[in-house]
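# What the coordinates show
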Amino acid sequence: MRTLAVLGATGSIGRQALDLISRHPDSFKAAVLTANQNHEALFDLVRAFRPAAAGLVAEPKVLPEDVRFCDWYFGEDASERALRAHRPDDCLAAVVGIAGLGAVMAALETSQRVLLANKEALVTAGDLVMARARALNKPILPVDSEHSAIFQCLEGAGDNAPKRLILTASGGPFRTWSAEAIERATVADALGHPTWRMGKKITVDCATMMNKGLEVIEAHHLFGMPSEAIDVVVHPQSVIHSMVEFSDGAVLAQMGAPDMRGPIGYAMGYPERVPYGAEPLNFAKLTITFEAPDEARFPCLRLAREALASGGGAPAILNGANEAAVAAFLEGRIPFGGIPRLVGTALDRVPKRVIDTMEDVAEADRLARECVNQAIRAL
């Protein structure tokens, strides 16, 4: 029995992790559940899973009597305080955005393993996070389907050194759209992902292909590979989750139906596998195609690579600007095509200082958001 903290319990990843816990109650126990502000949904999960602790960033006006059996934490650092008080075996970090960075660092201190679904922690503070993980000798197990796939392929490498990582991308809802049509895409258009069901912010990132750019940066930190050894290929069917090319020319691919319970379960049960009722692939009917990503129509992928190459605070600036621009798009304040333009503006204007501390990360993020919001006001 392993105790698990699920940070971001009411989101897509969190709910699928809890589905796995409910399928394997003799192997896993939800010890800590936290969320941002969806308190009614979290109350229901607390009633169902009866954790030792729960937390919300936004404190509710009323805490129902029937959920008061566990310890409650409120505020921006609710997850961090819950982790330090209860020290679960594993922590699934599934908070979206840089908001989850502090909890990832706390999880390294308090849990035996960090199951990472918060790519922004490595995008914004990759060197700091990985250095802390090494110092504490704590494993970070990837939950993103692409990084889980690479991790699984590397597990079978033996002495065959990896030469190239190949991240697959679905291409999102605008894969076949013209640049002009993409510019005018609505929020409903952007949220219509063809294969995956995710939260709004991540779904918009998939539509701009920023999500794949962030994953390139995440892969760089997780696997110690330079940017030039990390490729991206568009694979609309989303059954090959990523690939690794080795020094002898062999390529290993990890395949499966597009279901996030696969990579979540692999991290939760590692080194064992956790059954989840996976839909089997019908190879006789399976079509697999690949395309090169079009960085002219999807410039966010190029911007992410440029930020990684620039180093210092550039990735944190990229992420902060993107989070601010995506929020503005979802609120109807900018067109879809404004997202990469605003990110590019921030990368051009905000100083790319060296990142030595968490405070440096926070300052780069603040300046990027300020730059984006100033640019929006000037429109």
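Quick caveat: nothing in here was measured; it's all calculated off a predicted structure.

Looking now at the overall build of the protein chain. Helices and strands together make up the secondary structure of the protein chain, namely 15 helices and 11 strands. Relative to the globule expectation of 21 Å for 379 residues, the C-alpha radius of gyration of the protein chain, 20 Å, shows essentially globular dimensions. Judged by the C-alpha coordinates and their principal axes, the protein chain covers about 55 × 55 × 40 Å. When each of the 379 residues of the protein chain is scored for burial, the buried share is 57%. Within the protein chain, counting contacts between residues at least 6 apart in sequence, those at least 24 apart form 67% of the total. Taken as a whole, the protein chain presents about 16,000 Å² of accessible surface, with 51% of it coming from carbon and sulfur.

Of the residues making up helix 2 (residues 39-49), those classed as buried are Ala-41, Leu-42, Phe-43, Leu-45, Val-46 and Phe-49. Backbone geometry just downstream of helix 2 places Arg-50 in the positive-phi region, at approximately 50 degrees.

The next subject is the pairing of strand 2 (residues 28-35). On a regular strand, one side chain projects to one face of the sheet and the next to the other, so that they alternate. Of all the 8 residues making up strand 2, 7 are buried; the element is thus mostly covered by neighbouring parts of the structure. Direction of pairing for strand 1 (residues 2-7) relative to strand 2: parallel, over a ladder of 6 bridges. Within strand 2, the position partnered with Leu-4 by the bridge is Ala-30. The handedness of the strand 1 to strand 2 crossover, carried by helix 1 (residues 12-23), is right-handed. Note that strand 2 and strand 3 (residues 53-56) share 4 bridges and pair parallel. Pairing of Val-32 across the sheet is with Ala-53, part of strand 3.

Let's shift gears to the nonpolar core. The tendency in soluble globular proteins is for nonpolar side chains to be buried side by side. Formed by 128 residues in total, the largest nonpolar core has its most connected members in Trp-72, Leu-92, Leu-318 and Phe-336. If one sorts the elements of this core by residue count, helix 13 (residues 314-330) sits on top with 10 residues. Counting 5 residues, the second-largest nonpolar core is a separate cluster that includes Ile-166, Val-233, Val-239 and Met-243.

Strand order in the open sheet made by the 7 strands is 4-3-2-1-5-6-7, with parallel pairing throughout. The sheet is open, and its two edges are formed by strand 4 (71-74) and strand 7 (140-142), each paired on a single side. Put simply, the sheet's adjacent strands are angled 20 degrees from each other on average, direction ignored. Inspection of the sheet shows strand 1 paired to strand 5 (residues 90-93) by 4 bridges, in the parallel sense. Looking across to strand 5, one finds that Ala-5 is bridged to Cys-91.

Relative to the assigned elements, Phe-298 resides in the loop between helix 11 (261-269) and helix 12 (300-310). Along the backbone, Phe-298 and Gly-337 are 39 residues apart, and their C-alpha atoms lie at a distance of 9.5 Å. In this view, Phe-298 contacts Phe-174, Arg-175, Ile-182, Ala-207, Thr-208 and Met-209; residues no more than four positions away in its chain are not counted.

All right, on to helix 12 then. Owing to its 3.6 residues per turn, the α-helix brings residues three or four apart onto one side. Of the residues making up helix 12, those classed as buried are Cys-300, Leu-301, Leu-303, Ala-304, Ala-307 and Leu-308. For helix 12, the buried positions fall inside an angular range of 160 degrees around the axis, keeping them on one side. Those residues of helix 12 that are buried are in contact with helix 9 (200-208), helix 10 (210-223), strand 9 (230-234), helix 13 and helix 14 (338-349). Gly-311, located one to two residues past helix 12, shows a positive phi value of around 70 degrees.

Counted according to the given criterion, the structure contains 0 disulfides. Looking at the unpaired Cys-91, the closest cysteine sulfur is the one in Cys-70, lying at 16 Å. Cys-300 provides the cysteine sulfur closest to Cys-371, a residue in no disulfide bond, and the two sulfurs are 15 Å apart. Looking at Cys-371, the relative accessible area reads 10%, which means it is buried.

Turning our eyes to something else, we now look at the packing of aromatic side chains. A full pass over the atoms with the stated rule returns 8 aromatic pairs. A ring pair is formed by Trp-72 and Phe-74, whose centres lie 5.9 Å apart and whose planes are at 10 degrees; its orientation type is stacked. We note Arg-50 situated over the ring of Phe-69; from NZ or CZ to the ring centre the distance is 3.8 Å.

The next subject is the packing of helix 14 against helix 15 (residues 358-377). Following both chains from N to C, one finds helix 14 and helix 15 inclined at 125 degrees, their axes separated by 9 Å at the closest point. Comparing the axis directions of helix 14 and helix 15 gives the class oblique. Here the hand of the crossing between helix 14 and helix 15 comes out right-handed. Seen from helix 14, the contacting residues are Leu-342, Thr-345, Ala-346 and Arg-349; seen from helix 15, they are Ala-368, Cys-371, Val-372, Ala-375 and Ile-376. Residue composition of the contact of helix 14 with helix 15, grouped by class: 7 nonpolar, 1 polar and 1 charged.

You can see Ala-229 is positioned in the loop between helix 10 and strand 9. The class of Ala-229 is buried, set by a relative accessible area of 11%. Between the C-alpha atom of Ala-229 and that of Ile-166, which follows or precedes it by 63 residues, the distance is 8.4 Å. When near neighbours in sequence (up to four residues on either side) are disregarded, Ala-229 contacts Lys-163, Arg-164 and Leu-165.

Procedures and definitions
- Per chain, the residues get numbers from 1 upward, laid out in the order the sequence is written.
- Residues qualify for local features only when their pLDDT is at least 70, as the model is predicted, and side-chain atom pairs are given and counted only at 80 or more; totals for whole chains, interfaces and linings, by contrast, use all residues.
- Computation of side-chain values covers all heavy atoms of the structure but excludes hydrogens and water.
- A run of H or I in DSSP becomes a helix once it reaches four residues, and a run of E becomes a strand once it reaches two; helices and strands are each numbered from the N terminus.
- Our radius of gyration is a C-alpha quantity, and the globule rule it is checked against amounts to 2.2 Å times the number of residues to the power 0.38.
- Only protein chains enter the accessibility calculation, which uses a 1.4 Å probe. A residue is then buried if its area is under 20% of the maximum for its type, exposed if over 50%, and partly exposed in between.
- Pairs of residues are marked as contacts when any of their non-hydrogen atoms sit within 4.5 Å.
- Note on areas: Shrake-Rupley, 1.4 Å probe, and residue coverage restricted to the protein chains presented here.
- Two strands are said to pair when DSSP picks up at least two bridges between them.
- For crossovers, right-handed means that the path from the first strand over the helix to the second runs clockwise, given strands pointing away from the viewer.
- Only buried residues count toward a nonpolar core. Its members are Ala, Val, Leu, Ile, Met, Phe, Trp, Tyr and Cys residues joined through side-chain atoms within 4.5 Å.
- Note on geometry: axes are C-alpha line fits, over the in-contact stretch for helices, and angles between N-to-C directions span 0 to 180 degrees.
- By arc we mean the arc of the directions from the helix axis to the C-beta atoms, nothing more.
- Disulfides are defined as pairs of cysteine sulfur atoms found within 2.5 Å of each other.
- Any two rings among Phe, Tyr and Trp, with Trp reduced to its six-membered ring, count as a pair given centres within 6.5 Å; such a pair is stacked if its planes are under 30 degrees apart, edge-to-face if over 60, and tilted if neither.
- Placement of a charge over a ring requires the Lys NZ or Arg CZ to be within 6 Å of the ring centre, with the centre-to-atom vector within 35 degrees of the ring normal.
- When an angle is under 35 degrees it counts as roughly parallel; over 145 it counts as roughly antiparallel; between 65 and 115 it counts as roughly perpendicular; any other value is oblique.
- By the definition used in this description, the sense in which the near helix is turned from the far one sets the handedness, with an anticlockwise turn below a right angle giving left-handed and a clockwise turn giving right-handed.
- The classification used treats Ala, Val, Leu, Ile, Met, Phe, Trp, Tyr, Cys and Pro as nonpolar, Asp, Glu, Lys and Arg as charged, and all other residues, Gly among them, as polar.

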